[in-house]
Amino acid sequence: AQSVTQLGSHVSVSEGALVLLRCNYSSSVPPYLFWYVQYPNQGLQLLLKYTSAATLVKGINGFEAEFKKSETSFHLTKPSAHMSDAAEYFCAVSVTGANNLFFGTGTRLTVIP
Amino acid sequence: ETGVTQTPRHLVMGMTNKKSLKCEQHLGHNAMYWYKQSAKKPLELMFVYNFKEQTENNSVPSRFSPECPNSSHLFLHLHTLQPEDSALYLCASSLSSGRPLSSYNEQFFGPGTRLTVL
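Residues numbered from 1 in each chain as written. Chains lettered and ligands numbered in written order. Predicted model: local features only at pLDDT ≥ 70, side-chain atom pairs only at ≥ 80, totals over all residues. Heavy atoms only, no water.

A. Highlighting the overall build of chain A. Regarding its fold elements, chain A presents 0 helices and 12 strands. Of the regular secondary structure in chain A, the N- to C-terminal order runs β-β-β-β-β-β-β-β-β-β-β-β. On C-alpha atoms alone, chain A measures out to a radius of gyration of 13 Å, which is about the 13 Å that the 2.2 N^0.38 rule sets for 113 residues. Its C-alpha atoms put chain A at 45 × 30 × 20 Å along the principal axes. Expressed as a percentage of its 113 residues, the buried residues of chain A come to 48%. Entry remark: accessible area of chain A is about 5,200 Å², with carbon and sulfur atoms responsible for 54%. On chain A, the mean spot of the 7 positive side-chain charges and the mean spot of the 6 negative ones are 6 Å from each other. (Helix = DSSP H or I, 4+ residues; strand = E, 2+ residues; numbered from the N terminus. Rg over C-alpha atoms; globule rule 2.2 N^0.38 Å. Buried < 20%, exposed > 50% of the residue type's maximum accessible area, 1.4 Å probe, protein only. Areas by Shrake-Rupley, 256 points an atom, 1.4 Å probe, with all protein chains shown as cover. Lys, Arg positive; Asp, Glu negative; His and termini not counted. Charge placed at Lys NZ, Arg CZ, Asp CG, Glu CD.)

B. Geometry of the state of the cysteines. Applying the stated criterion across every chain yields a total of 2 disulfides over all chains. Disulfide partner of C23 of chain A: C91 of chain A, at an S-S distance of 1.9 Å. Between C23 of chain A and C91 of chain A the sulfur-sulfur dihedral comes to about -65°; the bridge is accordingly left-handed. With C23 of chain A in the loop between β3 (19-21) and β4 (24-26) and C91 of chain A in strand β10 (residues 87-95), this pair connects stretches of sequence that are 68 residues apart. For the residue pair C23 of chain A and C91 of chain A, the accessibility class agrees, reading buried in each case. Disulfide pairing places C23 of chain B opposite C91 of chain B at an S-S distance of 1.9 Å. Taking the sign of the S-S torsion, -75° for the link of C23 of chain B and C91 of chain B, the bridge is left-handed. (Disulfide = S-S within 2.5 Å.)

C. Molecular detail of the environment of L81 of chain B. Residue and element names in this part refer to chain B. Take L81: it is sitting in the loop between β8 (73-79) and β9 (87-94). Exposure remark for L81: the relative accessible area of 0% places this residue in the buried category. Residues L81 and N50, 31 residues apart in the sequence, show an inter-C-alpha distance of 26 Å. The contact partners of L81, leaving out residues within four places of it in the chain, are M13, M15, R63, F64, L115 and V117. (Contact = heavy atoms within 4.5 Å.)

D. Spotlight on the pairing of strand β6 (residues 44-50) of chain A. Judged by how many residues are buried, β6 of chain A sits mostly within the fold: 5 of 7 residues are covered. Hairpin connection between strand β5 (residues 31-38) of chain A and β6 of chain A: a loop of 5 residues separates the two successive antiparallel strands, and N41 of chain A in this loop has a positive phi of roughly 60°. (Pairing = 2+ DSSP bridges.)

E. Region of the structure containing the interface of chain B and chain A. Taken together, the contact between chain B and chain A spans 25 residues of the former and 21 residues of the latter. Summed over both sides, the interface between chain B and chain A buries roughly 1,800 Å², with carbon and sulfur atoms accounting for 55% of that surface. Seen at the junction of chain B and chain A, the total is 0 salt bridges. At the junction of chain B with chain A, the criterion picks out 3 residue pairs in polar contact (both at pLDDT 80 or more). When contributions to the side of chain B that touches chain A are tallied by element, the ones reaching two or more residues are β4 (31-37), β5 (44-50) and β9 of chain B. With 4 residues, the top contributor of residues to the side of chain B that touches chain A is β4 of chain B. (Buried area = accessible area lost by both parts, 1.4 Å probe. Salt bridge = Lys/Arg side-chain N within 4 Å of Asp/Glu carboxyl O. Polar contact = N/O pair within 3.5 Å; in protein donor to acceptor, adjacent residues only side chain to side chain.)

This is a description of form; function is not addressed.
Put into structure tokens, the structure is as follows:
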């Protein structure tokens, strides 16, 4: 079975500061890993995905994530937070041969001016 | 219209009402999904359709009844719901690489229907 754990349901950073959102996964087989963002009153939008190619994945809006098998982690980072980054972020895991995505509980990012 | 659309965006219903949620995708996909998003809980996959066939029912109560008449449309029929069913219901679509899937295909989400059951 697959699952993800997102540490911290709320994260606040100052504008211009580093953003770090944590995600740890559990999977008995090599996983696919994803970060989605949800802005208020909108659906989920894919930020980036890891599909067993490069371990450092670059996504949209300046975000990136690094797959670390030894730590079973896929943390999301952005060097400098922007006000427009305020949203809810979801980590998700899937495996080959399955439609299913297993989501974490989400982390709400607040950016302080 | 582009992407994945959902109607209505907001719905308030009593426990004895019958209503339907509609999802339409304009992306040429052949897999469609219903998710339930409740506060402080992970998104829950409810149903999956591949090529109009239901391939996943994640132990969803029978008061939720999905319908997929074609690869572009997905409905969720609701009847005798409970207040705990109040949530944001998200529809998504993706390409399906066949059965069984050989690789992951990105899911594209609609904006959701905010459902309140009184």
